[in-house]
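Observations on the three-dimensional arrangement
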Amino acid sequence: MTSGKDVILVTGSSGFIGSRLVDRLARRAQVVGLDVKEPTGLPENANFVPLDLNSDEGVGQALDTVRKLHGDKFASVVHLAAFFDLSGEPDPKYEAVTVRGTERLLRGLQKLEVEQFIYSSTMLVHAPGKPGERITEERPLERKFPYRDSKIETEALVREQRGSIPVVFFRPAGVYDDMCHSPFLAHQIARTYERSPKSHVYPGDLGTAQSVVHVEDLIDALVRLIERRRDLPEELELLVGEPEAIPYEALQRQIGRLLHDEDWKVWQIPKALAKSGAWLEDKTMGEHSFVK
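Residues numbered from 1 in each chain as written. Predicted model: local features only at pLDDT ≥ 70, side-chain atom pairs only at ≥ 80, totals over all residues. Heavy atoms only, no water.

A separate point is a nonpolar patch on the surface. Side chains of Phe84, Leu86 and Phe184 sit close together on the surface and give an oily, nonpolar patch of about 300 Å² of accessible area. Here Phe84 shows up in the loop between strand 5 (76–79) and helix 3 (92–109). The class of Phe84 is partly exposed, set by a relative accessible area of 43%. (Patch = residues over 30% accessible without salt bridge, like charges linked within 9 Å, V, L, I, M, F, W, Y side chains within 5 Å. Areas by Shrake-Rupley, 256 points an atom, 1.4 Å probe, with all protein chains shown as cover. Salt bridge = Lys/Arg side-chain N within 4 Å of Asp/Glu carboxyl O. Helix = DSSP H or I, 4+ residues; strand = E, 2+ residues; numbered from the N terminus. Buried < 20%, exposed > 50% of the residue type's maximum accessible area, 1.4 Å probe, protein only.)

So, in structure tokens, the structure goes:
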């Protein structure tokens, strides 16, 4: 049992964001990291409990262990664990882990005293706008790809089954850090470094841009949400991203200047041509294209 400090649960605690969040929260609270993979190290005031979201038994055992360690009262549960696949193809794990795993977790939390549930969704749940048009929390949601579909479905499930637990729908932009750690940006940099012909073409408006957010700013936002939990509404939707997004052409030109000291040329190509090229890559070279 802990004394005096808030107890915070973090699912997906061994991941890119989760491990950093555990480190930050452990400076002021007692943190329990839950994941299928045990982390390499834990800070003081943090401990690890295995969590398998794929089964009722796995979730039940994890929460029973947490109760034995820390009792029934928790300041916040930050739910980062989810399934994500860069291929963009349907996968039953979206339903099993992201949707049903969250349902199992929420059902188990109803037996505890939880002051706040933060569900980590994504900015991608919103319908895209025109280049230069800023996305806000009021923008409609749009189903299109399996990943965002799973997040939209899970958000609806959380609304239905949260009971009396206040919830934050946390919708971050693409996350990066000083070493990149953004697969889409890394792929774009790699294409340019290798002087791939693909670095000179783009299947869409060259003014298209997507907001991003540095992982430390993301962690700051989560910490502040937890600190101010008693001042928040019962349900809060929150987009988190840098206010100015860099258009694709401008970003590509900057990458070209930094890597090769060249004014990198980029041309817009028809989407049909890009799809044909992506199909050819998949079939002849076994490469999964990022065109999607």
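Picking up where we left off.
Before going further, it helps to examine the environment of Arg28. Relative to the helices and strands, Arg28 resides in the loop between helix 1 (16–25) and strand 2 (30–35). Look at Arg28 and you get partly exposed, because its relative accessible area is 45%. In contact with Arg28, not counting residues within four places along its chain, are Lys5, Val223 and Glu227. (Contact = heavy atoms within 4.5 Å.)

For any pair of aromatic rings, geometry is given as the distance between the ring centres together with the angle between the planes. One pass over the full model with this rule turns up three aromatic pairs. With a centroid separation of 4.8 Å and an interplanar angle of 65°, the aromatic rings of Phe84 and Tyr147 are classed as edge-to-face. Here Phe84 is found in the loop between strand 5 and helix 3, whereas its partner Tyr147 is found in helix 4 (residues 146–161), with 63 residues between them in sequence. Judged by centre distance (4.0 Å) and plane angle (20°), the rings of Tyr202 and Tyr248 are stacked. Within this pair, whereas Tyr202 is found in strand 10 (residues 201–202), its partner Tyr248 is found in helix 7 (residues 248–260), the two being separated by 46 residues in sequence. The pair Tyr202 / Tyr248 is uniform in exposure class, with both members buried. (Phe/Tyr/Trp six-rings, centres within 6.5 Å; stacked < 30°, edge-to-face > 60°.)

Side-chain pairs of opposite charge can arise where the charged atoms are in close proximity. This structure, assessed with the given rule, holds 28 salt bridges. Across the pair Arg67 and Asp72 runs a salt bridge whose closest N-O atoms are separated by 2.9 Å. Two residues, Glu155 and Arg159, come together in a salt bridge whose shortest N-O distance is 3.9 Å. With Glu155 and Arg159 both in helix 4, this residue pair falls four residues apart, about one helical turn. Taking relative accessible area as the criterion, Arg159 reaches 29% and is therefore assigned partly exposed. Here the salt bridges share partners, and the residues they tie into one network are Glu155, Arg159, Arg162, Arg171, Glu234, Glu235 and Glu237.

Strands in a sheet are paired, the pairing made by backbone hydrogen bonds, and the direction either parallel or antiparallel. The strand order across the open sheet formed by seven strands is 3-2-1-5-7-8-12, and the pairing between neighbours is parallel. Whereas interior strands pair on both sides, the edge strands pair on one side only; in this sheet they are strand 3 (46–50) and strand 12 (235–240). On average, each strand axis in the sheet is inclined to that of its neighbour by 20°, with strand direction left out of account. Sheet analysis places strand 1 (residues 7–11) next to strand 5, joined by four bridges and oriented parallel. Its bridge partner being in strand 5, Leu9 is matched across the sheet by Val77. Helix-sheet contacts for helix 2 (residues 56–70) involve strand 1, strand 2 and strand 3, and the interaxial angle to strand 3 is about 150°. Along the sheet, helix 3 makes contact with strand 1, strand 5 and strand 7 (117–120), crossing strand 7 at roughly 175°. (Pairing = 2+ DSSP bridges. Axes fitted to C-alpha atoms, helices over the stretch in contact; angles between N-to-C directions.)

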